[in-house]
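# Overview (structure and organization)
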Amino acid sequence: MAVDEYLRKMFSLEGKTVLFTGAAGGIGSEVAAGMAQAGAHVALCDINMEALEERQKQIQALGGKASIFKLDVTDKQSISRTVKEVAEINGRIDVLVNCAGINKREGMADVDEKTYDKIMNVNLKGVFFVSQAVAPYMKEQKYGSIINIGSHNTGWVLGGCSVYSATKCGVVS
C-alpha cells in the first residue's frame, strides 16, 4: 500500500460529522477545511455568517462537504437550537471542535468587568455549554470526540492577555 493511501485510510473522516465553533476565525476555519479534505462533513458555526459563507464556498470548491449555522456560544438557546439542527440534518455529531475565542489586549489593571465577562463567556463558558449540549448525542451513539483549542498562553502569558490566558487555562484543564 502506498504511503498516501495508508495515510488516507488511517486519518479518513469519511461519514463523520464535525461541528466547529468559531469556524469563521483563522484557526477554526483552517482546521475545518483540513477535516473536510479528510472526508468529514463540517458544520461551520459562528456569529459571522458572511465569513462562514465564504469558507463554505472554498471547502465546497475543493470537493468538501460543509454547511453553515449561526451560533452564539454565549447564548444557551442558540447553542441548543444549533446543536439540535446539526444533529437532525446529519443524523449524528461525531466530533466537536471548540474553537470560538476572543481576546482584548489590555493590561490586567485596565480590564473592566464587561470585558472580563465577555471573554470568559465566549472562551470558557461557551466551551462548557456547547460540550454539554453535544454530549447526549455522542452518548446515544456511543461514540464521539471533543477537541478544545487551547493556547500557548496557558504557560507563557503574553502582555495584555491576562483574561484570555485564564480562560485558556480553564479550557486545557
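Residues numbered from 1 in each chain as written. Predicted model: local features only at pLDDT ≥ 70, side-chain atom pairs only at ≥ 80, totals over all residues. Heavy atoms only, no water.

## Description of the overall build of the chain
A tally of helices and strands in the chain yields six helices and five strands. Its helices and strands in sequence order give the chain the pattern α-β-α-β-α-β-α-β-α-β-α, from N to C terminus. Expressed along its principal axes, the backbone C-alpha trace of the chain runs to roughly 55 × 35 × 30 Å. Taking all 173 residues of the chain together, the buried fraction comes to 39%. In the chain, 62% of the contacts between residues at least 6 apart in sequence involve partners at least 24 apart. Only carbon and sulfur atoms are counted for the fraction: they give 54% of the accessible area of the chain, which is about 9,800 Å². If you average the places of the 19 positive and of the 19 negative side-chain charges in the chain, the two averages end up 5 Å apart. (Helix = DSSP H or I, 4+ residues; strand = E, 2+ residues; numbered from the N terminus. Buried < 20%, exposed > 50% of the residue type's maximum accessible area, 1.4 Å probe, protein only. Contact = heavy atoms within 4.5 Å. Areas by Shrake-Rupley, 256 points an atom, 1.4 Å probe, with all protein chains shown as cover. Lys, Arg positive; Asp, Glu negative; His and termini not counted. Charge placed at Lys NZ, Arg CZ, Asp CG, Glu CD.)

## Thoughts on the pattern of salt bridges
For the structure shown, the criterion picks out five salt bridges. We note a salt bridge from Glu30 to Arg55, for which the minimum N-O separation is 2.6 Å. With a gap of 25 residues between them, Glu30 in helix α2 (residues 26-37) and Arg55 in helix α3 (residues 49-61) connect regions that are remote in the sequence. Taking relative accessible area as the criterion, Glu30 reaches 51% and is therefore assigned exposed. (Salt bridge = Lys/Arg side-chain N within 4 Å of Asp/Glu carboxyl O.)

## What about the sheet that holds strand β1 (residues 17-21)?
Spatially, the five strands line up as an open sheet ordered β3-β2-β1-β4-β5, and their pairing is parallel. Strands with a single pairing partner mark the edges of an open sheet, and in this sheet they are β3 (65-70) and β5 (145-148). Ignoring strand direction, the axes of neighbouring strands in this sheet form an average angle of 15°. Where strand β4 (residues 95-98) meets β5, four bridges bridge the pair, whose relative direction is parallel. Of the residues in β5, the one forming a bridge with Leu96 is Ile146. Taken strand by strand, α2 contacts β1, β2 (41-46), β3, β4 and β5, and its axis lies near 175° from that of β1. In the packing of helix α4 (residues 76-90) onto the sheet, contacts are made with β1, β2 and β3, and the angle to β3 comes to roughly 155°. (Pairing = 2+ DSSP bridges. Axes fitted to C-alpha atoms, helices over the stretch in contact; angles between N-to-C directions.)

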